[in-house]
Amino acid sequence: MKLTGAQALIKSLEMEGTDVMFGLPGGAILPVYDPLIESSIRHILVRHEQGAGHMAEGYAQATGRPGVAMVTSGPAATNIVTPLANAYLDSIPLVVITGQVAYSSIGTDAFQEADTVGITMPITKHNWLVTDANDIPEIIREAFHVATTGRPGPVLVDVPKDISNQQMDWYWPDSVDLPGYKPNTKGHSKQIKEAARLINAAERPVLYVGGGVLKARGASALRELAELTGIPVVTTLMARGAFPDDHELCLGMPGMHGNYTAITAMQRSDLLIALGSRFDDRVTGKLDGFAPDAKVIHIDIDPAEQGKVRRPDVPIVGDARLVTEALIGAIKHLREKESPASIDAWMQQIRAWQEEFPLTYEQPDGGTLKPQYVIEALRDNAPEDAIVASGVGQHQMWASQYWKFNHPYTWVNSGGLGTMGFAVPAAIGAKVGRPDRMVWAIDGDGCFQMTAQELVTASAERIPVKIAILNNAYLGMVRQWQEMFYEERYSEVYLSPDLPDYVKWAEAMGCVAFRVEDPADVEMTIQKANEVDDRPVVIDFRTDYREKVYPMVPAGATNDDVIVGPVPGTEGPTQ
Amino acid sequence: MPAPNVGRHHIFSVLVENRFGVLTRVAGLFARRGFNIYSLAVSPTEDDRFSRMTIVVDAESAPLEQISKQLHKLIPVIKIAEIAPGDGVERELMLVTVKATPEFRSQVTELAAIFDARVVDVGYDAVTIELAGTPDQLDAMSDLLAPFGILERQRTGRIAMARLTRQAPNTKLRAVKGRAV
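None of the values given here were measured: they were computed from a predicted structure.

### Digging into the overall build of chain B
Assigned secondary structure in chain B consists of four helices and nine strands. For chain B, with 181 residues in total, the buried portion stands at 23%. For chain B, the share of sequence-separated contacts (at least 6 apart) that also reach a separation of at least 24 residues comes to 73%.

Below you can see the structure in the form of structure tokens.
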């Protein structure tokens, strides 16, 4: 069967099971948009290429399937660089197709030419420039394989316009031949035995769970491991939902804005079982003061993470789910002969911390609206399996702290790259992937202004996402740092609460919109928003700009120096 | 140029797919992870689907283990052999043009002869000498030629292969219970 490169590309995407893609056409990708008309793939036309990338990421994070985005060359390709970098740091399976100027014109500074493969090399797991239409099925097959296996990540396929028009003989490769790519998924059995021995002997163990558990679909294995051993669990920002927040062994989020118990349990631990986590600086704080007494079992599918930051006592390279299952077997086997060390005293200590240092805020009656109060009201009015997306900043930390994540794949956020503007498109992508779920974006006013135009896409495509803007009229996290660490010298952080007018703006984009200033109106307005199911809805919550995210480990401090909250009756922090 | 100090430099012999852009991927990885390349030699292997890169790295710029693991993450990288100093056969090629007016020419060629180097070009007041050898030999000849005046010098960067096993696998001698072996 003779096909053009463009037809082969669309057919290859179909063969890979692509049901939806996000994109925006343009000159160099024009040939590929033609066969799309006959394709079974749903295409969602975005308003900016960055939106296409983040939607594909939201789709991937909510469904576990690779997100697919397609854009043209030059400025479109550079617009999708941010989502690629975001997916690279958060290990999101993402397949991006870019148009390129004709192969014969490459290197001539042709119209809309950019060296896309060169630009995206450091922020993709791998990328390809197609030089022959006959290679397209093979490359697409490889691209999906690389994106979704091992440590998942973004890939990019750059397709010159003349290659899209070139005739080829259709075929579909039945296997992938990449001699340099053989991810190891099964952990080393000797190492697993050694890990079981350490776990059995530990008196102050903590399961330090990262996003890898979600990528490996290992949430139920993790739960079995935790319940078998009684070891408490911290879930990092990327792992929220991997272990139910309501579970008695869940300590919540560690790190710079983690809760006191999660942070301190890691600090005092004698054994950290790092499961799909990578000792990010936002978790460890000052590295040489991090968990000083802890031995480390590090389970990660990426060998390069072993010893990159903290040297593990027992490194295990493998898939988080497979290794967890093997570990459960090894522990059971070991416990037939040896009883485990008691962790009762440790759990008592942890309970005492939880009681003494809970997350707190105060919502005065009739006072200014507290952002935490809004999040709790959103949470309490949403079904338990609702999906929450967030941008980056204070609202993201409060959302992670105050939402109850009891199901995996219900939290979609930008962790590693910290991409402001992520929430709106990511929520749209998540809703496309899981139309059966309620999807809330909890966003900041600064973030919202970066990508809000995608609500036009959501309205046009009838994607009923819900957006809660915690509008404190500031770039809040930057303001918090300037207040705490720059002697209240506020530099370029004020945004204004009503410029733009978020309600008018949302309405202009085809959304239902509300504004809430009084705490008494919060509940009722959220209920009204929850009833809208045929178009996007936006609520502009006017929140207290003075509210800060606590606890906080200041940058450069060790986790022992966590600031729990403001001194009562003052604006200043306390230790 | 300071002599490559055996303690600080480490050789990676990297088998990669012979495709365009692979060198950029490897060089880019070194640059963005802050690893220093001391020298680099690339050429196709006996099987033209693959190329061999011999990369000499500054071992103090990053832990060797991290360099090797990050290299492994590149899809076109197939195999990495670490050759510890002394464990490999190393060779490098140098071309050096030395000032050699007629009165000094014989001294220069004599010196070249000691190193088994070859004179490959002669000008009215200079000669170009070729030497293939270990990096140490190249350093030594360079040092000795320096007083005559080195006009230009180029080195290829070293290539290396792991030393072969000298002993055949010992299948005949086996430990037998109850007897000394």
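### Description of the pairing of strand β17 (residues 439–444) of chain A
All names here are of chain A. Burial analysis of β17 places six of its six residues in the buried class, which makes it a mostly covered element. Side chains Val 439, Ala 441 and Asp 443 project from β17 onto one buried face, and the interleaved Trp 440, Ile 442 and Gly 444 project onto a second face that is buried too. Here strand β15 (residues 387–390) runs beside β17; their pairing, made up of four bridges, is parallel. Each bridged residue has a counterpart across the sheet, and for Val 388 the counterpart in β17 is Trp 440.

### Brief notes about the sheet that holds strand β2 (residues 37–44) of chain B
Residue and element names in this part refer to chain B. The strand order across the open sheet built from four strands is β2-β3-β1-β4, with neighbouring strands paired in antiparallel fashion. Two strands lie at the open edges of the sheet, namely β2 and β4 (77–83), each paired on one side alone. Across the sheet, the mean angle separating the axes of adjacent strands is 15° when strand polarity is ignored. Relative to β4, strand β1 (residues 9–17) is paired through six bridges, and the arrangement is antiparallel. Across the sheet, residue Ile 11 finds its bridge partner in β4, namely Ile 83. Running over the sheet, helix α2 (residues 64–73) touches β1, β3 (50–58) and β4 and is turned about 160° from β4.

### As for the sheet that holds strand β7 (residues 154–160) of chain A
Backbone hydrogen bonds hold the strands of a sheet together, and the pairing may be parallel or antiparallel. Residue and element names in this part refer to chain A. Overall, parallel pairing links the six strands, which are arranged β3-β2-β4-β5-β7-β6 in an open sheet. A single partner strand is all that each edge strand has here, and the edge strands are β3 (42–45) and β6 (126–129). The average angle at which neighbouring strand axes cross in this sheet is 20°, direction not considered. When strand β4 (residues 67–71) meets strand β5 (residues 94–100), the two strands line up parallel, connected through five bridges. Within β5, the position partnered with Ala 69 by the bridge is Val 96.

### Concerning the environment of Gly218(A)
All names here are of chain A. Relative to the assigned elements, Gly 218 resides in the loop between α10 (212–215) and α11 (219–229). Using a count of 26 C-beta atoms within 10 Å as the deciding quantity, one classes Gly 218 as buried. Among residues more than four places away in sequence, those in contact with Gly 218 are Val 213, Ala 320, Arg 321 and Thr 324.

### Observations regarding helix α18 (residues 423–433) of chain A
One full turn of an α-helix is made of 3.6 residues, so residues set three or four places apart face in the same direction. Among the 11 residues that make up α18(A), 11 are buried, leaving the element largely enclosed by the rest of the structure. Among the residues of α18(A), those classed as buried are Ala423(A), Val424(A), Pro425(A), Ala426(A), Ala427(A), Ile428(A), Gly429(A), Ala430(A), Lys431(A), Val432(A) and Gly433(A).

### Examining the domain arrangement of chain A
All names here are of chain A. Domain annotation of chain A identifies domain 1 (2–169), domain 2 (189–356) and domain 3 (371–550). Just the C-alpha atoms count here: the centres of domain 2 and domain 3 sit 31 Å apart. Across the contact, 13 residues belong to domain 2 and 14 residues belong to domain 3. Taken together, the residues of the side of domain 2 that touches domain 3 break down into seven nonpolar, three polar and three charged.

### Concerning the domain arrangement of chain B
All names here are of chain B. Along its sequence, chain B is organised into domain 1 (9–85) and domain 2 (89–162). On a C-alpha basis, the centroid separation for the pair domain 1 and domain 2 is 28 Å. Every contact between the two is made by nine residues of domain 1 and, on the other side, six residues of domain 2. At the level of secondary structure, the elements contributing two or more residues to the side of domain 1 that touches domain 2 comprise β1, β2, β3 and β4. If one sorts the elements of the side of domain 1 that touches domain 2 by residue count, β2 sits on top with three residues. The class makeup of the residues in the side of domain 1 that touches domain 2 is six nonpolar, three polar and no charged.

### A closer look at the packing of helix α3 (residues 49–63) of chain A against helix α5 (residues 81–89) of chain A
Residues and elements named next belong to chain A. Axis separation between α3 and α5 bottoms out at 7 Å; the angle between their running directions is 25°. Taken together, the axes of α3 and α5 are roughly parallel relative to one another. Note on element contacts: α5 touches α3 through Thr 82, Pro 83, Leu 84, Asn 86 and Ala 87, opposite Gln 50, Gly 53, His 54 and Glu 57. When grouped by side-chain class, the residues that make up the contact of α3 with α5 number three nonpolar, five polar and one charged.

### Thoughts on the nonpolar core
If you look at the biggest cluster of nonpolar residues, it comprises 197 residues, and the most contacted ones within it are Val209(A) and Ala468(A). Listed in part, the 13 residues of the second largest apolar core include Met94(B), Ala100(B), Ala117(B) and Leu145(B).

### What to know about the environment of Arg379(A)
Residue and element names in this part refer to chain A. One can find Arg 379 in helix α16 (residues 371–380). With 19 C-beta atoms packed within 10 Å, Arg 379 lands in the partly exposed category. The sequence separation of Arg 379 and Ala 399 amounts to 20 residues, and the corresponding C-alpha distance is 9.4 Å. Other than its neighbours up to four places away in sequence, Arg 379 contacts Tyr 402, Trp 403 and Lys 404.

### Brief notes about the confidence of the model for chain B
Of all residues in chain B, 88% attain a pLDDT of 70 or more, and the chain-wide mean is 87. Taken together, the stretch residues 1–6 of chain B has pLDDT below 50 and engages in five contacts with residues farther than four places along the chain or on a different chain.

### Points about the packing of helix α1 (residues 5–15) of chain A against helix α7 (residues 136–148) of chain A
Residues and elements named next belong to chain A. Interaxial distance between α1 and α7 falls to 9 Å at its minimum, and their mutual angle equals 30°. In terms of orientation, α1 and α7 fall into the roughly parallel class. Between α1 and α7 the crossing geometry is right-handed. Mapping the contact onto sequence places Gly 5, Ala 8, Leu 9, Ser 12 and Leu 13 in α1 and Ile 136, Pro 137 and Ile 140 in α7. Class assignment of the residues belonging to the contact of α1 with α7 gives a composition of six nonpolar, two polar and no charged.

### Looking at the environment of Trp398(A)
Residue and element names in this part refer to chain A. Tracing the chain through its elements places Trp 398 in helix α17 (residues 394–402). Overall, Trp 398 belongs to the buried group, with 28 C-beta atoms counted inside 10 Å. On a C-alpha basis, the gap between Trp 398 and Glu 376 in space is 9.7 Å, while along the polypeptide they are 22 residues apart. Discounting residues that sit within four places of it in the chain, Trp 398 has contacts with Pro 371, Gln 372, Ile 375 and Val 549.

Basis of the calculations
Just so you know, the residues in each chain are numbered from 1, in the order the chain's sequence is written. Both sets of labels track the order of writing: A upward for chains, 1 upward for ligands. Totals for whole chains, interfaces and linings use all residues, but because this is a predicted model, local features are given only for residues with pLDDT of at least 70 and pairs of side-chain atoms are given and counted only at 80 or more. For helices the rule is a DSSP run of H or I covering at least 4 residues; for strands it is a run of E covering at least 2, with both sets numbered from the N terminus onward. To sort residues by burial, count the other C-beta atoms lying within 10 Å of each one's C-beta; a count of 20 or more means buried, 12 or fewer means exposed, and anything in between means partly exposed. C-beta atoms are built from the backbone. Residue pairs qualify as contacts under a 7 Å threshold applied to their C-beta atoms, which are placed from the backbone. DSSP-based pairing: two strands are paired if at least 2 bridges between them are found. To get an axis, fit a line to the C-alpha atoms, keeping to the stretch in contact for a helix; angles then go from 0 to 180 degrees between the N-to-C directions. As annotated, the domain borders come from an automatic or database domain assignment. Charged means Asp, Glu, Lys or Arg here, nonpolar means Ala, Val, Leu, Ile, Met, Phe, Trp, Tyr, Cys or Pro, and polar covers whatever is left, Gly included. With respect to orientation, any angle under 35 degrees is reported as roughly parallel, any angle over 145 as roughly antiparallel, any angle of 65 to 115 as roughly perpendicular, and every other angle as oblique. Take the buried Ala, Val, Leu, Ile, Met, Phe, Trp, Tyr and Cys residues, join any whose C-beta atoms are within 7 Å, and the set you get is a nonpolar core. Note on scores: pLDDT gives the predictor's confidence for each residue, bounded by 0 and 100. Left-handed is the label given to a crossing in which the near helix is rotated counterclockwise from the far helix by less than a right angle, and right-handed is the label when the rotation is clockwise.

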